[in-house]
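# Residue-level structure breakdown
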Amino acid sequence: DISCKLAGIPLSCCLLNASGPRSKSFEQLAAVAGSWSGAVVSKSATLNERLGNDLPRYTEVPLGDRTASVNSEGLPNHSLSFYTEALVRLREVSPKPFILSISGLSLDENLQMLDYLEQSSARAHLSAVEVNVACPNVPGKPLVGYDLPQLAEVVRRISEHRLFRDRVLGLKLPPYLDAPFFDQVANMLNPLARAKGGSLGYVVCCNTLGSALAVDVDSEATVLHPKGGFGGAGGALVRLLALGNVRHFRQRLDASIAVVGCGGVASGEDAFALILCGATCVQVATQHHIEGSRCFQRIAAELQQLMRRKGYLSLADFRGKLRVA
Ligand code: DHB
């Protein structure tokens, strides 16, 4: 049994797509809905459509047997209203939970999007809104998740929005690299927990690691064009950081705030390790981009096989039970 409950949302499979890869168009979202993914997570929306940064803006770099990704997409998306309409259309063919990711370029834009959702007829079908405070790729917009005073203001104002009186709030965080950040962010988020009358249901650990640079030795040029070639690294490059971030936050957050693992999951063993560190469920990004929506069934089968070998019947049998050697 690899089902789970994410902040009260039942997921038939603990593997789901991460916001970003293959989650921008209606056809891509429909493919996720028709796959083994436990939910459908949309590409981060802004109030208005964005074309994103100039090409080339995505590349893959082999790292041993694994693959790292670097992207500088710049939030290309079809606008919030497109994703609410897509949700209504998907609901006609799939009962799967729908998680809408938003990534406004300002607190005000995020609050405007929440106002829109509050009024929208799609609201009833929306399982959660995942607010991304970790996009590293918009020129001139520093990453909110690393500016702790700004992050505190953003999460407080967002969590107080009336949409979250009966919808789940998720927060997509950047990878943190130093212990005081885990303490400070957890102390900031704990009072917003649902168990304490707040609305924060889960955090996702973690988004890409910024300031990565893919270099092409033949041409002696950057591989990507936007922002001088810099981008956010994902896949194999962030797998160990995701494990560490999940573990750090699980050790510090109120039990009513779920931790979702995200970073470099390409196999059932990778998913198992994140759950062992305390993840409630696991998002797949780079591997979904590479393999397409069949990845969820393959990884799920690998996870089930590993659990059978170990004699585990459910995720709760090993979740958070990592031992220190
Ligand atoms: C983009 C990249 C991210 O890592 C993110 O969190 C949001 C958006 C992007 O470039 O589109």
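A brief report on the enclosed structure follows. (Residues numbered from 1 in each chain as written. Predicted model: local features only at pLDDT ≥ 70, side-chain atom pairs only at ≥ 80, totals over all residues. Heavy atoms only, no water.)

## Side note on the overall build of the protein chain
- Regarding its fold elements, the protein chain presents 9 helices and 16 strands.
- In terms of overall size, the protein chain behaves like a compact globule, its C-alpha atoms giving a radius of gyration of 18 Å where 325 residues would be expected to give roughly 20 Å.
- Across its three principal directions, the C-alpha atoms of the protein chain cover 50 × 50 × 45 Å.
- For the protein chain, the proportion of its 325 residues judged to be buried stands at 57%.
- Contacts in the protein chain between residues far apart in sequence, at least 24 positions, make up 73% of those at least 6 positions apart. (Helix = DSSP H or I, 4+ residues; strand = E, 2+ residues; numbered from the N terminus. Rg over C-alpha atoms; globule rule 2.2 N^0.38 Å. Buried < 20%, exposed > 50% of the residue type's maximum accessible area, 1.4 Å probe, protein only. Contact = heavy atoms within 4.5 Å.)

## Some points on the sheet that holds strand 5 (residues 58-63)
- An order of 5-6-14-11 is seen for the 4 strands of this open sheet, with the pairing classed as antiparallel. Here the strands that pair on one side only, and so sit at the sheet edges, are strand 5 and strand 11 (209-213). Put simply, the sheet's adjacent strands are angled 40° from each other on average, direction ignored.
- Strand direction decides the pairing type here: strand 6 (residues 66-71) and strand 14 (residues 230-235), joined by 4 bridges, are antiparallel. Looking across to strand 14, one finds that Ala68 is bridged to Gly235. (Pairing = 2+ DSSP bridges. Axes fitted to C-alpha atoms, helices over the stretch in contact; angles between N-to-C directions.)

## Structural notes on the pairing of strand 16 (residues 281-284)
- Burial of the side chains of strand 16 extends over both faces: Cys281 and Gln283 are buried on one face and Val282 and Val284 on the other.
- Here strand 3 (residues 15-17) runs beside strand 16; their pairing, made up of 3 bridges, is parallel. Bridge pairing links Leu15 to Val282 in strand 16.
- Crossover connection from strand 15 (residues 258-262) via helix 7 (residues 268-276) to parallel strand 16: handedness right-handed. (Right-handed = clockwise from strand over helix to strand, strands pointing away.)

## A few points about the sheet that holds strand 15
- One open sheet holds the 8 strands; their spatial order is 3-16-15-10-9-8-7-4, and the pairing between them is parallel. In the strand order of this sheet, the two ends are held by strand 3 and strand 4 (40-41), each with one partner.
- Helix-sheet contacts for helix 7 involve strand 3, strand 15 and strand 16, and the interaxial angle to strand 16 is about 135°.
- Of the strands in this sheet, strand 3 and strand 16 are in contact with helix 9 (residues 295-310), which crosses strand 3 at around 160°.

## A short note on the packing of helix 5 (residues 179-189) against helix 6 (residues 239-252)
- Across the interface, helix 5 lies against helix 6 with an axial gap of 10 Å and an inter-helix angle of 45°. Relative to helix 6, the element helix 5 lies oblique. At the point where helix 5 passes helix 6, the crossing takes the right-handed sense. Touching Ala179, Phe182, Asp183, Val185 and Ala186 of helix 5 are Asn245, His248, Phe249 and Arg252, all from helix 6. (Parallel < 35°, antiparallel > 145°, perpendicular 65-115°, else oblique. Left-handed = near helix turned anticlockwise from the far one by under 90°.)

## Considering helix 3 (residues 107-119)
- Between the first and last C-alpha of helix 3 there are 19 Å, a value that for 13 residues agrees with the 18 Å anticipated at 1.5 Å per step.
- All of the buried residues along helix 3 are Leu107, Glu109, Asn110, Leu111, Met113, Leu114, Leu117 and Glu118.
- Residues of helix 3 that are buried in the fold lie against helix 2 (80-91), strand 7 (98-102), strand 8 (128-132) and helix 4 (148-159). (Expected span 1.5 Å × (residues − 1).)

## Quick word on the site of the ligand
- Among the 13 residues in the neighbourhood of the ligand, the closest are listed as Gly74, Leu75, Asn132, Asn137 and Asn207.
- Between the ligand and Asn137, the relevant distance is 2.8 Å, taken from an oxygen atom to a side-chain nitrogen or oxygen of the residue.
- Within the contact set of the ligand, an oxygen atom lies 3.2 Å away from a side-chain nitrogen or oxygen of Thr208.
- Compared with its free state, where it exposes 290 Å², the ligand has 93% of that area covered by protein.
- Classifying every residue of the shell around the ligand gives 5 nonpolar, 6 polar and 2 charged. (Near = heavy atom within 4 Å. Polar contact = N/O pair within 3.5 Å; in protein donor to acceptor, adjacent residues only side chain to side chain. Areas by Shrake-Rupley, 256 points an atom, 1.4 Å probe, with all protein chains shown as cover. Nonpolar A, V, L, I, M, F, W, Y, C, P; charged D, E, K, R; others polar.)

## A word on the environment of Ala285
- As for its position among the elements, Ala285 is in the loop between strand 16 and helix 8 (286-291).
- Spatially, the C-alpha atoms of Ala285 and Cys262 are 7.6 Å apart, while their sequence positions differ by 23 residues.
- Aside from chain neighbours lying at most four places away, what touches Ala285 is Ala18 and Pro21.

## Examining the environment of Ser42
- On the secondary structure map, Ser42 appears in the loop between strand 4 and strand 5.
- For the pair Ser42 and Leu224, spaced 182 residues apart in sequence, the C-alpha to C-alpha distance is 24 Å.
- Setting aside residues no more than four positions away along its own chain, Ser42 makes contact with Ser19, Gly20, Ser23, Leu29, Tyr83, Phe98, Ile99, Leu100 and Ser101.
- Engagement of the side chain of Ser42 in a polar contact is seen with the backbone nitrogen of Ser101, the distance being 3.1 Å.

## Some words on helix 2
- Along its 12 residues, helix 2 runs 17 Å from first to last C-alpha, staying within 8% of the 16 Å computed at 1.5 Å per residue.
- Taken as a whole, helix 2 has its buried residues at Leu80, Tyr83, Thr84, Ala86, Leu87 and Leu90. Buried residues of helix 2, seen end-on, are gathered within an arc of 160° and therefore sit on one face of the element.
- Packing partners of the buried residues in helix 2 comprise helix 1 (26-33), strand 4, strand 7 and helix 3. (Arc of directions from axis to C-beta.)

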